[in-house]
Amino acid sequence: MILKKYVSYLILLIIMVVNTNVRAQIETNKPMDMTSKLIQPPYLKAGDTVAIVAPSGILKSREGEVQQAVKLLQSWGLNAIVGDHVFSQSNHFAGDDYERCVDLQSVMDNPTVSAIWCARGGYGTVRILDKLDYTEFKKNPKWVIGYSDITALHNQVHNEGFQSLHAIMCVSLTTDLTEIAASVDTFKSALFGEPTDYTLKGSKYNRVGETSGVLVGGNLTMLHTMLGSKESIDTSGKILFIEEIGEYKYHIDRMLQSMKRAGYFDHLNGLVVGDMSKMRKNTTLWGASVEQLILDALEDYDFPITFNMPAGHEKDNRALVLGRKVLLKIDKDQSTLKFSE
């Protein structure tokens, strides 16, 4: 009886301790610590295979760029295969949802494929996320490559526990590759195991500081679209990268305010702002730069912020390994972003 009573008291004590810890996490609005190092897919080597797929927008009249991508991979000693439905057409998309999903799922499941290179962005990836199965992918992890709309896929890959590559896509290639030399070179370096560290041009808008964390993010609209879904990333203790194209400033602010209200920035360690391209002008002008807009929207936080990361929808689109820890040092005259081992 004494032993039984002792065990009961012990169980009660354990329950009280656990409940106290849970309440403390809730009261501080911090998630329970469930962080772990993301799995890095194997770096590529000569003879490996890269699969080109199109989970998003239509590739009508873009056959030449895809063939150029195949030749580029071959020049690096890699094999290239092109999905069966890459050039299919279904209204806005490169094939209907089933066709795009089948192409992506087949290369995810293929143990001989080492990387999945998305041909273009646009819109459409979010429509097939719930149909994807990562069972075989987890047995043979591979690099997922792209930007813009592919941010949705990066988010999903991250939450499945894997690193991925924010980099140029097939339609990013130009006839003269010297025009995008930095984009191509950093893409190749990241694929083959030497991700590039960056020294960024300074900005008077930089919020000075030094920090570190796992790099996450991508296109702002897509990150905003993921809010409330299982593909939304927990940014606690992480470094967030954002870029955007073709938006009004008021829409940029609206997305940031929405994400702020959802707690997206509450425990963020730092922010890296990439290209904000082709900003549209509203009839009622915003009245401030997009950099100041971002600072104003995030004025309640004290994490460091750097601008001028050459990544996004410009020709100079440097590769970033998402899911890899980075060290970030920010001053007014320059910033440095370094990938850890």
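For the structure, see preceding data.
So, here's what we can say about the structure. (Residues numbered from 1 in each chain as written. Predicted model: local features only at pLDDT ≥ 70, side-chain atom pairs only at ≥ 80, totals over all residues. Heavy atoms only, no water.)

1. Here we look at the overall build of the protein chain
Here's step 1: Tallying secondary structure elements over the protein chain gives nine helices and 13 strands in all.
Here's step 2: Going through the 341 residues of the protein chain one by one, you find that 49% of them count as buried. (Helix = DSSP H or I, 4+ residues; strand = E, 2+ residues; numbered from the N terminus. Buried < 20%, exposed > 50% of the residue type's maximum accessible area, 1.4 Å probe, protein only.)

2. Section: the nonpolar core
Here's step 1: If you look at the biggest cluster of nonpolar residues, it comprises 71 residues, and the most contacted ones within it are Trp-117, Leu-153 and Leu-165.
Here's step 2: Those residues within four positions of Leu-165 in sequence are excluded, and the remaining contacts are Trp-143, Val-144, Ile-145, Gly-146, His-154, Phe-187, Ala-190, Leu-191, Ala-319, Leu-320 and Val-321.
Here's step 3: Judged by nonpolar contacts, the second largest core, of 27 residues, contains Tyr-264, Ile-294, Tyr-301 and Phe-303. (Core = buried A, V, L, I, M, F, W, Y, C linked by side-chain atoms within 4.5 Å. Contact = heavy atoms within 4.5 Å.)

3. Points about the sheet that holds strand β5 (residues 164–166)
Here's step 1: What the six strands build is an open sheet, ordered β2-β1-β3-β4-β5-β11; its pairing is mixed. Two strands in the sheet have a free side with no partner beyond their single neighbour: β2 (79–82) and β11 (320–322). With strand direction ignored, the average angle separating the axes of adjacent strands in the sheet is 25°.
Here's step 2: Pairing of strand β4 (residues 143–146) with β5 involves two bridges; the strand directions are parallel. Looking at the pairing, Ile-145 lines up with Leu-165 of β5. (Pairing = 2+ DSSP bridges. Axes fitted to C-alpha atoms, helices over the stretch in contact; angles between N-to-C directions.)

4. Overview of the sheet that holds strand β12 (residues 325–330)
Here's step 1: Taken together, the seven strands give an open sheet; going across it, the order is β6-β13-β12-β7-β8-β9-β10, and neighbouring strands pair in mixed fashion. Two strands lie at the open edges of the sheet, namely β6 (198–201) and β10 (305–306), each paired on one side alone.

What is shown is where atoms sit, not what they do.
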